[in-house]
Amino acid sequence: MILPKLPASLAYGGDYNPEQWPESVWREDARLMREAGVNLVSVGIFSWAKLQPAEKRYDFGWLDRVMDLLADHGVHVCLATATASPPPWMSKKHPDVLPVDANGVTLYPGSRQHYSPCSPSYRRLAAALVRRIALRYRRHPALAAWHVNNEYACHLPECHGEATTRAFRVWLKRRYRTLEALNVAWGTAFWSQVYYAWDEIFTPRRAPYHCNPTQQLDYRRFYSDAMFELYRREKDILNELAPGVPVTTNFMGFFKTLDYRRWAEEVDFVAWDSYPDPLPGLEPERVGAVGHDLMRSLKKDRPFVLMEQASSAVNWRATNGPKAPGRMRLGSLQTVARGGDGVMFFQWRASKAGAEKFHSGMVPHVEPAQSRVFAEIKRLGADLKTLAPVAGSLVHARVAIAFDWHAWWAVELESKPGRIDYSGWAQELHRFFYTRNIAVDFVAPGAPLDEYALVVAPALYLLAKADADNLSAFVAKGGTLLATYFSGIVDEHEHIVLGGYPAWLRAVLGLWVEEWAPCAEGQENLVRFAGARGPVFKASHWCDVVHLEGAKALATFAGDYFAGRAALTEYAHGRGRAFYLGTRLERAGLDRVISTVCASAGVEPVLATPAGVEATLRERDGHAFLFLLNHRDEAVRVKLGHKRGIDLLARKPVRGAVSLPPREIAVVALEPGT
Ligand code: GLA
Ligand code: GLA
């Protein structure tokens, strides 16, 4: 149970910003929330300026009234600590609050998130505010959880101000202890970069040419930690003053700046914000699914909450398409299908003023009674109530994608053989499993892997020795590994592991790579699968020049000076098998590769369904719930095989097959043993 105040139910609601509205609107809000089945709202995320008009003056009167009103209407609150947007008076009085970019440009107030993570003033004033909020509301009947800050680092991928520079040096001292160790780790013999005093070191500010890559990598680590430190300071205060009240902050899926795996250890449940682009052809359902899978995997032992999504259009893309009828409900229930116990929106009532006034809300600008969106919001609220039995159940995966923020940071630094879109490549591999209804977790390369039959390692460029050993041991014990090009190239300091790439994976893969032939945009090679009639697929992005040392070639390149050399290999290592894909194939080719690998690993789908129909399974103490989501604009019939049970939404027994109208969903509580 992730929210003790909402036992055995799914959370439903959104960001609620009553400070943007006169009090006369609040009553109507509370009434409409009830009508829509809302049971949880995030209050006050951007209300610091209203809560604290001056350094020595606070005003909680309005928030008291909001909290009481919500409690009276049975709506619980995920109460914000309100530290996401400091009031303008603060940076006027304490200019150290303001962040500085790599060019030395100060970022000013007038928007939001204009704070340096290392600013002493920001830290002090944020802590004081959190303390007051915690003391005032910790026993309030409406309080269900704490919402710390908001989307840390969303608009602020770096800061290079004075305080941040000093904090970077402290972080480095803690990591390396001596300058000698730092100089070795950073490889500073290169380009005359040797440091003789700590204060010679800066954050990687704008420089004439490439900054030292290890300096940049350590800066990414430091910056993620600096933001995390802010979160932890708030969390510690909340835990001290309000023990037992769950604490979280909203993540953003594949967000490069923050190592969410580390952060997830310190949230009581994972919450995240998902905004797939609904414009035609952009596969919002797949984009949503892969984000849910990454976020769910951060805390595998409990459900997550979708903290924000849009009821229809957003305001921040060049073209902001609406969600067509039924799409918002379908996407919302996909959240539940993939392990979510809460569906929330940004925001409850669409703003009248400010930069987000064209962002959809649960309550739009038009009269709710005349609104398509509000009608769908009400229907979704009813559905989520019906689906309460699903709460607490989990998704179990036998496939894992090894995905690591440090590898992401490192592989996308400049001065590489070619450009690698790390998360894009991981998501492209995930696509196969999504479309085949095979559950996938994203795991750290060093995580326990016993529960998995198959581990996929896409471009796992940076790989510590212990993590390489972990992957090798997984195979030796009987697991199946699929690694791709540019994996295992550097150690944690971003130094090449010498001895034939990827040196630490050479034994498990049964091959070594001599050199790389990355492809320019539009440049292609061909890959031919073995056998007289072996199919041929286009290859792009990258080609490895491979030497086999035991591995067998399943497919070879057809072009360039390495024609005839292996592009896809298989090797038996210990009790398991390791496959290696030294290029990126067009989709049909990739599907063939992963099908082969899945067959070898004995990985099966939850259910074979027609294209465009997603099937997932959630399980809890002997109960299993089969979700079927029809993403197509036409009706489909899904054969159930031996599975049967009760469709909770339609409230009727199903067996044999289920007919799903366009964009419809069935949630089948399966009869045990089927
Ligand atoms: C993010 C923020 C919200 C809002 C939405 C708009 O998720 O957390 O405050 O700006 O984006 O889509
Ligand atoms: C220039 C520089 C060298 C080296 C090469 C790399 O020639 O003088 O130091 O950086 O480029 O191509």
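Residues numbered from 1 in each chain as written. Chains lettered and ligands numbered in written order. Predicted model: local features only at pLDDT ≥ 70, side-chain atom pairs only at ≥ 80, totals over all residues. Heavy atoms only, no water.

## With respect to the overall build of the chain
The helix and strand inventory of the chain stands at 17 helices and 25 strands. Principal-axis analysis of the C-alpha atoms places the extent of the chain at approximately 75 × 75 × 40 Å. A burial count over the chain gives 60% of its 674 residues as buried. Sequence-distant contacts, at least 24 apart, represent 72% of the contacts inside the chain between residues at least 6 apart. On the chain, roughly 26500 Å² of surface is accessible, and the fraction owed to carbon and sulfur atoms is 52%. (Helix = DSSP H or I, 4+ residues; strand = E, 2+ residues; numbered from the N terminus. Buried < 20%, exposed > 50% of the residue type's maximum accessible area, 1.4 Å probe, protein only. Contact = heavy atoms within 4.5 Å. Areas by Shrake-Rupley, 256 points an atom, 1.4 Å probe, with all protein chains shown as cover.)

## Describing the state of the cysteines
Working definition: the covalent bond between the sulfur atoms of two cysteines is a disulfide. Here the structure, examined in full by the defined rule, presents zero disulfides. The structure places no disulfide on Cys154, whose sulfur is separated from the nearest cysteine sulfur, that of Cys159, by 16 Å. A relative accessible area of 26% means that Cys154 is categorised as partly exposed. (Disulfide = S-S within 2.5 Å.)

## Section: a nonpolar patch on the surface
Together, Phe190, Trp191 and Tyr209 make up an exposed nonpolar region whose accessible area comes to about 390 Å². Structurally, the position occupied by Tyr209 is in the loop between α7 (179-185) and α8 (213-241). (Patch = residues over 30% accessible without salt bridge, like charges linked within 9 Å, V, L, I, M, F, W, Y side chains within 5 Å. Salt bridge = Lys/Arg side-chain N within 4 Å of Asp/Glu carboxyl O.)

## Quick notes on the sheet that holds strand β25 (residues 665-670)
Taken in spatial order, the five strands make up an open sheet running β21-β22-β25-β23-β24, and their pairing is antiparallel. With one partner strand each, in any of the chains shown, β21 (613-620) and β24 (652-660) form the two edges of the open sheet. Pairs of neighbouring strands in the sheet enclose a mean axial angle of 20°, with direction left out of account. Bridge count between strand β23 (residues 636-647) and β24: eight bridges; the pairing is antiparallel. The residue bridging Arg644 from the neighbouring strand is Arg655, located in β24. Strands in contact with helix α11 (residues 327-337) are β21, β22 (623-630) and β25; relative to β22, the strand with the most contacts, it is inclined by about 150°. (Pairing = 2+ DSSP bridges. Axes fitted to C-alpha atoms, helices over the stretch in contact; angles between N-to-C directions.)

## Brief notes about the nonpolar core
Membership of the largest hydrophobic core comes to 202 residues, with the highest contact counts inside it found for Leu79, Trp146, Phe251, Tyr260 and Phe433. Ranked by residue count, the leading element in this core is α8, at twelve residues. Sequence-distant contacts of Tyr260, defined by excluding residues within four places in its chain, comprise Phe251, Met252, Gly253, Phe255, Met295, Leu298 and Trp405. In this structure, Leu607, Val613, Val654 and Leu660 belong to the second largest nonpolar core, which totals 15 residues. (Core = buried A, V, L, I, M, F, W, Y, C linked by side-chain atoms within 4.5 Å.)

## Section: the packing of helix α6 (residues 162-176) against α8
The interhelical angle for the contact between α6 and α8, taken along N-to-C directions, is 105°, at an axis separation of 10 Å. As far as their axial angle goes, α8 and α6 are roughly perpendicular. The residues of α8 that touch α6, namely those facing Thr164, Ala167, Phe168, Trp171, Leu172, Arg175 and Tyr176, are Gln215, Asp218, Tyr219, Arg221, Phe222 and Asp225. A class-by-class count of the residues in the contact of α6 with α8 yields seven nonpolar, two polar and four charged. (Parallel < 35°, antiparallel > 145°, perpendicular 65-115°, else oblique. Nonpolar A, V, L, I, M, F, W, Y, C, P; charged D, E, K, R; others polar.)

## Focus: the packing of helix α14 (residues 422-435) against helix α17 (residues 587-601)
The geometry of α14 relative to α17 is characterised by a closest axis approach of 10 Å and an angle of 65° between their N-to-C directions. As the angle between them shows, α14 and α17 are arranged roughly perpendicular. Where α14 crosses over α17, the two elements pack in a sense that is right-handed. Contact residues: α14 offers Trp425, Glu428, Leu429, Arg431, Phe432 and Phe433, while α17 offers Arg587, Leu590, Asp591, Ile594, Ser595 and Cys598. The residue makeup of the contact of α14 with α17, split by class, is seven nonpolar, one polar and four charged. (Left-handed = near helix turned anticlockwise from the far one by under 90°.)

## A short note on the site of ligand 1
Around ligand 1, the neighbouring residues are Phe46, Arg112, Asn150, Glu151, Asp273, Tyr275, Glu308, Trp316, Phe346, Glu356 and His359. Separating an oxygen atom of ligand 1 from a side-chain N or O atom of Arg112 is a distance of 2.9 Å. Within the side chain of His359, one N or O atom sits 2.7 Å away from an oxygen atom of ligand 1. For ligand 1, whose unbound accessible area comes to 300 Å², protein coverage reaches 96%. Partitioning the shell around ligand 1 into residue classes produces four nonpolar, two polar and five charged. (Near = heavy atom within 4 Å. Polar contact = N/O pair within 3.5 Å; in protein donor to acceptor, adjacent residues only side chain to side chain.)

## A word on the side chain of Lys235
Inspection of the secondary structure puts Lys235 in helix α8. For Lys235, a relative accessible area of 10% corresponds to the buried category. Leave out the neighbours within four places in its chain, and Lys235 touches Val247 and Glu266.

## Concerning the packing of aromatic side chains
Aromatic ring pairs: the centre-centre distance and the angle between the two ring planes describe each pair. For the structure on display, the rule yields 43 aromatic pairs. Relative to Tyr209, the ring of Trp191 lies with its centre 5.5 Å away and its plane at 40°, an arrangement referred to as tilted. Here Trp191 is found in the loop between α7 and α8, whereas its partner Tyr209 is found in the loop between α7 and α8, with 18 residues between them in sequence. For Trp191, a relative accessible area of 46% gives the class partly exposed. (Phe/Tyr/Trp six-rings, centres within 6.5 Å; stacked < 30°, edge-to-face > 60°.)

## Details of the pattern of salt bridges
Under the defined criterion, the tally for this structure stands at 46 salt bridges. Across the salt bridge formed by Glu283 and Arg431, the nearest N and O atoms sit 2.6 Å from each other. In this pair, Glu283 is assigned in the loop between β7 (271-273) and α10 (284-298) and Arg431 in helix α14, connecting sequence segments 148 residues apart. According to the relative accessible area criterion, Glu283 is partly exposed, its value standing at 25%. When the shortest N-O distance is used, the salt bridge between Asp293 and Arg296 registers 2.9 Å. Here Asp293 pairs with Arg296, and both are found in helix α10, just three residues apart, close to one helical turn. Accessibility classification places Asp293 together with Arg296 in one group, the buried group. Each of the salt bridges in this network shares a partner with another, and the network as a whole consists of Glu28, Asp29, Arg31, Glu35, Arg349 and Lys378.

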